[in-house]
Amino acid sequence: MTNPSSTTILRRAFELKTAAPSFNIPYLPMMAPVVRALQDTGAFGFIAVARLEWEKFEAGSLEAVREEYERVKDERCTRLHLDHTPVVDEDGLQVDYRAIIERALKLGYDSVMVDGSRLPFEANVQATREVVELAHAAGVPAEAELGAVLGHEPGPLPDYDELFASGRGFTDVDEARRFVAQTGADWLSVAVGNIHGAISGAAKSAHKPAARLSIDRLAALASATGVPLVLHGGSGIPRESLLAGVGAGIAKVNVGTTLRQAYEGSASLGIEAAQRKVYLATVSVIMDELQIEGSANRLLDNGHSEGGSAHVGG
Ligand code: 13P
């Protein structure tokens, strides 16, 4: 385990009411510019891969991501995270989630996520508890999900305004309290108006609809569970809403679509041009949206003084 642990880093973010971004890597050449953007801005962030990124995109495998991470990592400002390991995936298929989690733990991933959110409550509790035990035995934290963060499923998304107004699929506060108490999950991914960017069809390259967050629901979830909350679908949320959510208990913000579209949109110009776009998009998330330049010093206790002075270039 790398010191300080991801558990300690995210607990600190939660207490300081700031957030760590978690950047998804669907194409391996995206990882180097993401790490460089974190270094140049002095911000801390997770480098993340989800199963769908090696199944449906070009991340390769858990092993390939681990290898590339070893090559470009900077442990003063990065940790490696296994994102969404579904029990039932976006296409409705059962997944051998336990085998994936065990492989990631053996490879030295610094944190893992099990996603049982498509299961009934009790079954989600059971799968999550199993993964929490495996992760803790390896000395790393486990993230779980409760509620429906839509968007990865094929087919059109329900009307967003209707979805938000009805609160359909939002994480229930009382269930969240019981879920965390019964599973021991370290971090909880919640549904509070956030949606994932689409990953299939024409919508995959389209502009993601701007989502809003229910700040009251977030505050209630944070106080009921006492654990750092995770926001999935972090791309394209208006800054005011995002920052209010961080103030209400979001300690980790997953960002996928913004960086993926930056890469795909200029891949035809060559890898270096695409990497440059990814670098600029990552800097913008850090500095303009989350406003966390210099956060690595605060969250990792890396020493003092220089925090905050960014040297963005590339
Ligand atoms: P977006 O692609 O909407 O940013 O969501 C990413 C995510 O939540 C990965 O877990």
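We now turn to the structure provided with this report. (Residues numbered from 1 in each chain as written. Predicted model: local features only at pLDDT ≥ 70, side-chain atom pairs only at ≥ 80, totals over all residues. Heavy atoms only, no water.)

Before going further, it helps to examine the overall build of the protein chain. Within the protein chain one finds 13 helices and eight strands. The C-alpha radius of gyration of the protein chain comes to 18 Å, within 12% of the 20 Å expected for a compact globule of 314 residues. The principal-axis extent of the C-alpha atoms belonging to the protein chain is close to 50 × 45 × 40 Å. Relative to its 314 residues, the protein chain shows a buried fraction of 55%. (Helix = DSSP H or I, 4+ residues; strand = E, 2+ residues; numbered from the N terminus. Rg over C-alpha atoms; globule rule 2.2 N^0.38 Å. Buried < 20%, exposed > 50% of the residue type's maximum accessible area, 1.4 Å probe, protein only.)

A separate point is empty space enclosed by the protein. A full pass over the atoms with the stated rule returns two cavities of 30 Å³ or more. Roughly 230 Å³ of internal volume is contained in the largest cavity. Along its surface, the largest cavity is lined by 23 residues, and N24, E53, H152, G256 and T257 are the ones closest to its centre. When contributions to the lining of the largest cavity are tallied by element, the ones reaching two or more residues are α3 (51–55), β3 (78–86), β8 (250–255) and α11 (257–266). (1 Å grid on protein atoms, 1.4 Å probe; cavity = no way out; pocket = protein on both sides within 12 Å on 5 of 7 lines; lining within 4 Å. Points joined across faces, edges and corners; volume = space filled by probe spheres on them.)

Ranked by internal contacts, the top residues of the largest apolar core, which has 97 residues, are I47, L82, V112, L188 and L259. Not counting residues up to four positions away in its chain, the partners in contact with L188 are A144, E145, L146, A176, F179, V180, T225, V227, P228, L229 and V230. (Core = buried A, V, L, I, M, F, W, Y, C linked by side-chain atoms within 4.5 Å. Contact = heavy atoms within 4.5 Å.)

All right, on to the packing of helix α6 (residues 121–137) against helix α8 (residues 173–183) then. Where α6 contacts α8, the axes come no closer than 9 Å and their chain directions differ by 35°. The two elements α6 and α8 meet at a crossing, and its hand is right-handed. Only E175, R178, F179, Q182 and T183 of α8 make contact with α6, whose side of the interface consists of F121, E122, N124, V125, T128, R129 and V132. Tallied by class, the residues present in the contact of α6 with α8 amount to four nonpolar, four polar and four charged. (Axes fitted to C-alpha atoms, helices over the stretch in contact; angles between N-to-C directions. Left-handed = near helix turned anticlockwise from the far one by under 90°. Nonpolar A, V, L, I, M, F, W, Y, C, P; charged D, E, K, R; others polar.)

Inspection of the entire model under this criterion finds seven aromatic pairs. Measuring from centroid to centroid gives 6.1 Å for Y27 and F57, while their planes differ by 75°, and the two rings are edge-to-face. Note that Y27 is positioned in the loop between β1 (20–24) and α2 (31–41) and F57 in the loop between α3 and α4 (62–72), a separation of 30 residues in sequence. Each member of the pair, Y27 as well as F57, carries the same accessibility label: buried. A ring pair is formed by Y27 and Y263, whose centres lie 4.9 Å apart and whose planes are at 20°; its orientation type is stacked. Here Y27 is found in the loop between β1 and α2, whereas its partner Y263 is found in helix α11, with 236 residues between them in sequence. For the residue pair Y27 and Y263, the accessibility class agrees, reading buried in each case. An aromatic cluster is present here, built from Y27, F57 and Y263 joined pairwise through their rings. (Phe/Tyr/Trp six-rings, centres within 6.5 Å; stacked < 30°, edge-to-face > 60°.)

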